[in-house]
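# A look at the structure
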Amino acid sequence: MASYIGYLRKHDSAGYRIEFPDFPECDSTAQRLEHAGVMAAEDLLRHVAALVSFGLPVPPPTSMAQLADDPRREGCDMVVVELDLDLVANPTVSRYHNL
């Protein structure tokens, strides 16, 4: 199990957005706060599965201490998304979700 940190921000038009400092090309949005964590975990899992399928490296999680001075933290709440890297081989990872 890997614990990746996400930056949660409230957006007026898009609801909530979570960005991942370890995966700058991956982010997740949700209309409701209670869906943000679940959708972020699913989006991150799909992203990691794509990296693995293309033979690209999966970065190790960055700790909160290492992100203490990250300027992207400004104006956000930090959340932890737990990711079971063993699920990357699961073929249902790429299935679309609709909440």
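Everything that follows concerns the structure shown earlier in this document.
Below or above, wherever it landed, is the structure these notes cover. (Residues numbered from 1 in each chain as written. Predicted model: local features only at pLDDT ≥ 70, side-chain atom pairs only at ≥ 80, totals over all residues. Heavy atoms only, no water.)

Let's shift gears to the side chain of Asp70. When you line up the elements, Asp70 lands in the loop between helix H1 (33-53) and strand S4 (77-83). Overall, Asp70 belongs to the buried group, its relative accessible area being 12%. In this structure the side chain of Asp70 is engaged in a polar contact, spanning 2.7 Å, whose partner is the side chain of Tyr7. In this view, Asp70 contacts Tyr7 and Pro21; residues no more than four positions away in its chain are not counted. (Helix = DSSP H or I, 4+ residues; strand = E, 2+ residues; numbered from the N terminus. Buried < 20%, exposed > 50% of the residue type's maximum accessible area, 1.4 Å probe, protein only. Polar contact = N/O pair within 3.5 Å; in protein donor to acceptor, adjacent residues only side chain to side chain. Contact = heavy atoms within 4.5 Å.)

Before going further, it helps to spend a moment on the nonpolar core. Counting residues in each nonpolar core, the largest one holds 20 residues, and the members touching the most others are Phe20, Phe23 and Leu44. Elements supplying a minimum of two residues to this core: strand S1 (2-11), strand S2 (15-20), strand S3 (23-30), H1 and S4. No other element matches the 8 residues that H1 contributes to this core. Setting aside residues no more than four positions away along its own chain, Phe20 makes contact with Ile5, Gly6, Cys26, Ala40, Leu44 and Val81. (Core = buried A, V, L, I, M, F, W, Y, C linked by side-chain atoms within 4.5 Å.)

Before going further, it helps to examine the pairing of S3. Where S2 lies against S3, 5 bridges are found, and the strand directions are antiparallel. Opposite Ile18, over in S3, you have Ser28 as the bridge partner. The loop that links S2 with its antiparallel partner S3 comprises 2 residues. (Pairing = 2+ DSSP bridges.)

With that settled, consider the pairing of S1. Consecutive side chains of a regular strand alternate in pointing toward one face of the sheet and then the other. Counting buried positions along S1 gives 7 out of 10 residues, so the element sits mostly inside the fold. When S1 meets S4, the two strands line up antiparallel, connected through 7 bridges. Along S4, the bridge assignment pairs Gly6 with Val79. Pairing between S1 and S2: 5 bridges, direction antiparallel. Residue pairing across strands places His11 opposite Gly15, the latter belonging to S2. Taken together, S1 and the strand that follows it, S2, pair antiparallel across an intervening segment of 3 residues.

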